[in-house]
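Notes for the structure review
Residue-level listing of the chains:
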Amino acid sequence: MFNITDEAQDYVADLFSQQDDSELGLKVDVERAGTPAATVSFNFCHPKDLTPGYQKFEYKGFLAYIDQINFPYLKGSEVALKDEGTGKKLTITAPNAKGEEPKDDASLEERIKYVLAAEISPSLASHGGFIDLVEITKDKDVILNFGGGCQGCSSVKATLEQGVETQLRNRFPEIKSVRDVTDHTKTDNAYM
């Protein structure tokens, strides 16, 4: 399920040997699993602090802990060590982490969430922003919430009307309208 090459195991084991804590393990997580924004992360952890869903895997020189819920997303994954100019870097190939685009017979909610994650939020990420689906009303009004750098941004109205709404309505003609319910009075992290 989760293969770590011998060279990568040696590298990780060396990192563990540099820590002054023999109880540390490697926690492997998939954040936003099943979406185009999925990422795999590695962190030191104390096994006693993990929730019951985590299972232990033994590698050369260290133990890894993976939540059972992430098993399907990590199937066929490989961690390798790559040369990066002046040093080495761990890389992971996780072909199942992002999931698949919903089929045409999937619910409108699933299909919109996928488009938001795969196509719209990545363009907002360059400004530290993202967008989430709040709900789809019975009248097919799509209610959205902007976050990060988009919350309180002075350009959010144009982004909504000329970008997000246009893109969603072109993809899903059954949508009546697209509305923003974000509290834009909070401008602490606003991009503009």
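Look above for the structure.
Residues numbered from 1 in each chain as written. Predicted model: local features only at pLDDT ≥ 70, side-chain atom pairs only at ≥ 80, totals over all residues. Heavy atoms only, no water.

1. Observations concerning the sheet that holds strand S1 (residues 2–4)
Neighbouring strands of a sheet are bound in pairs by backbone hydrogen bonds; such pairs are parallel or else antiparallel. Selection criterion: Only strands that DSSP links by at least two bridges are regarded as paired with each other. Helix and strand labels come from DSSP, where a helix needs a run of H or I of at least four residues and a strand needs a run of E of at least two; each type is numbered from the N terminus. For helices, the fitted line uses only the C-alpha atoms of the stretch in contact; every axis is such a line through C-alpha atoms, and the angle between N-to-C directions lies from 0 to 180 degrees.
The mixed open sheet is built from three strands, whose spatial order is S1-S6-S7. For this open sheet the edge positions go to S1 and strand S7 (87–93), each flanked by a neighbour on one side alone. Averaged over all adjacent pairs, the angle separating strand axes in this sheet is 25°, with direction ignored. Bridge count between S1 and strand S6 (residues 77–84): three bridges; the pairing is parallel. Bridging from a neighbouring strand, Asn3 pairs with Glu78 of S6.

2. A look at the packing of aromatic side chains
To be explicit about the condition: Stacked, edge-to-face and tilted labels apply to pairs of Phe, Tyr and Trp rings (six-membered ring for Trp) whose centres lie within 6.5 Å, assigned for plane angles under 30 degrees, over 60, and everything in between, in that order. Each residue is assigned to one of three classes by its accessible area relative to the maximum for its type, calculated with a 1.4 Å probe on protein chains only: buried under 20%, partly exposed between the two thresholds, exposed over 50%.
In this structure the tally under the stated criterion is five aromatic pairs. When the ring of Phe2 is compared with that of Phe42, the centres are 6.4 Å apart and the planes differ by 55°; the resulting orientation is tilted. Remark: Phe42 occurs in strand S3 (residues 39–45) and Phe2 occurs in strand S1; sequence separation between them is 40 residues. Ring centres 5.5 Å apart and planes at 15° place the aromatic pair Tyr59 and Phe62 in the stacked group. Accessibility classification places Tyr59 together with Phe62 in one group, the buried group. Members of the aromatic cluster, connected to one another through ring pairs, are Phe16, Phe44, Tyr59 and Phe62.

3. Section: the pattern of salt bridges
Applied cut-off: Basic side-chain nitrogens of Lys or Arg form a salt bridge, by our definition, when they fall within 4 Å of a carboxyl oxygen of Asp or Glu.
Counted under the stated rule, the structure contains eleven salt bridges. In this structure, Lys113 engages Glu109 in a salt bridge whose closest nitrogen and oxygen atoms are separated by 3.2 Å. A residue pair is termed a helical-turn pair when its members lie 3 or 4 positions apart in one helix, as Lys113 and Glu109 do in helix H3 (residues 108–125) at four residues. A salt bridge links Arg169 to Glu165; the nearest nitrogen and oxygen atoms lie 3.5 Å apart. Taken as a pair, Arg169 and Glu165 lie in helix H4 (residues 156–171) at a separation of four residues, close to a single helical turn. For Glu165, a relative accessible area of 17% puts it in the buried group. Shared partners join several salt bridges into a network, and the residues in it are Glu7, Asp83 and Lys88.

4. Comments concerning the side chain of Asn70
As a reminder of what qualifies: Should any heavy atoms of two residues lie within 4.5 Å, those residues are considered in contact.
The topology assignment puts Asn70 in the loop between strand S5 (62–67) and helix H2 (71–74). Residues within four places of Asn70 in sequence aside, it is in contact with Asp29, Val30 and Ala33.

5. Points about the pairing of S7
Summarising the sheet, S6 and S7 pair through seven bridges and their orientation is antiparallel. For Glu84, the partnering residue across the bridge sits in S7 and is Gly87. Taking the residues between adjacent antiparallel strands as the criterion, S6 and S7 are bridged by two residues, where Gly85 takes a positive phi near 65°.

6. Observations concerning the layout of surface pockets
As a reminder of what qualifies: For cavity detection a 1 Å grid was placed over the protein atoms alone, and a set of points counts as a cavity when a 1.4 Å probe fits there but cannot get out; an open set counts as a pocket when protein lies on both sides within 12 Å along at least five of seven lines, with lining residues being those that have an atom within 4 Å of a point. Grid points are joined across faces, edges and corners, and a volume is the space filled by probe spheres set on the points. Gly is put with the polar residues, along with every residue not named as nonpolar or charged; the nonpolar set is Ala, Val, Leu, Ile, Met, Phe, Trp, Tyr, Cys and Pro, and the charged set is Asp, Glu, Lys and Arg.
In this structure, the largest pocket occupies an estimated 170 Å³ of space. Arg32, Gly34, Thr35, Pro36, Lys113, Tyr114, Leu116, Ala117, Ser121, Ile131, Asp132 and Leu133 are the residues that line the largest pocket. Going through the elements one at a time, H3 and strand S8 (129–136) are the ones with two or more residues in the lining of the largest pocket. The dominant element in the lining of the largest pocket, judged by the number of residues it contributes, is H3, at five residues. In terms of residue class, the lining of the largest pocket is built from six nonpolar, three polar and three charged.

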